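Report on the structure
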Amino acid sequence: MPYAERDKNGKIVALLHVPGATAPEKLSSSDPDVLEFLLDSGSTETSKAFLSSSDNDLVRVIEDLVELLIDKNIIMITELPQAAQQKLMSRKSARELFNKDTMLIVDKDDIL
């Protein structure tokens, strides 16, 4: 999701990958102001950069969709090509490791 830099009239003048002093506002890739900026910019490079940056978000959506279909027994992971199975399993393992490493520590005074 991009971070928007706006002018004094509230119109987007730049989209950034990371927040900054001039671009603190995180917007959805499908936000009407973001789409308007991309269409108005007329820059193929700006549009390509936006599409590239939104690819990671879309990949995660697709991963979640495949996992949901598998959990509901609509498809079986073994029905997917071997390369797809390996990629999905390695990303799932990586996410589980990352989530385990970033778990919050509970103090003795905390209520669960």
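Before reading on, note that the structure itself is shown above.
Residues numbered from 1 in each chain as written. Predicted model: local features only at pLDDT ≥ 70, side-chain atom pairs only at ≥ 80, totals over all residues. Heavy atoms only, no water.

1. Some remarks on the overall build of the protein chain
The helix and strand tally for the protein chain stands at three helices and three strands. What you see in the protein chain, going N to C, is helices and strands ordered as β-β-β-α-α-α. In the protein chain, buried positions account for 16% of the 112 residues. Nonlocal contacts in the protein chain, meaning residues at least 24 apart in sequence, comprise 32% of its contacts between residues at least 6 apart. Summed over its atoms, the accessible surface of the protein chain is roughly 8800 Å², and 59% of this surface lies on carbon and sulfur atoms. (Helix = DSSP H or I, 4+ residues; strand = E, 2+ residues; numbered from the N terminus. Buried < 20%, exposed > 50% of the residue type's maximum accessible area, 1.4 Å probe, protein only. Contact = heavy atoms within 4.5 Å. Areas by Shrake-Rupley, 256 points an atom, 1.4 Å probe, with all protein chains shown as cover.)

2. Remarks on the pattern of salt bridges
Throughout the structure, instances matching the rule amount to seven salt bridges. Linking Arg-6 and Asp-33 is a salt bridge whose minimum nitrogen-to-oxygen distance equals 3.1 Å. With Arg-6 in strand S1 (residues 3-6) and Asp-33 in helix H1 (residues 32-41), the pair connects residues that are 27 residues apart, well separated along the chain. Salt-bridge contacts for Glu-63 lead to Arg-91; the nearest nitrogen and oxygen are separated by 2.4 Å. Placement of Glu-63 in helix H2 (residues 44-71) and of Arg-91 in helix H3 (residues 82-101) is noted, with a sequence separation of 28 residues between them. (Salt bridge = Lys/Arg side-chain N within 4 Å of Asp/Glu carboxyl O.)

3. Let's talk about the sheet that holds strand S2 (residues 12-16)
Read from one edge to the other, the open sheet built from three strands follows the order S2-S1-S3, with strand pairing classed as antiparallel. The sheet is open, and its two borders are formed by S2 and strand S3 (25-26), each paired with just one other strand. Across two bridges, S1 lies against S3 in antiparallel orientation. Counterpart to Ala-4 in the pairing with S3 is Glu-25. (Pairing = 2+ DSSP bridges.)

4. Focus: the pairing of S1
The pairing of S1 with S2 spans four bridges and is classified as antiparallel. Paired with Ala-4 across the two strands is Leu-15, which belongs to S2. A loop of five residues connects S1 with S2, the two strands running antiparallel in sequence, and Gly-10 in this loop sits at a positive phi of about 90°.

5. As for the environment of Ser-30
Secondary-structure assignment places Ser-30 in the loop between S3 and H1. For the pair Ser-30 and Ser-54, spaced 24 residues apart in sequence, the C-alpha to C-alpha distance is 9.8 Å.

6. Some words on the side chain of Arg-95
Mapped onto the secondary structure, Arg-95 falls in helix H3. Each residue touching Arg-95, except ones within four places of it in the same chain, is listed here: Arg-60, Glu-63 and Glu-67.

7. Thoughts on the nonpolar core
Listed in full, the six residues of the largest apolar core are Ala-4, Ile-12, Leu-27, Val-34, Phe-37 and Leu-38. With three residues, H1 is the single largest residue contributor to this core. (Core = buried A, V, L, I, M, F, W, Y, C linked by side-chain atoms within 4.5 Å.)

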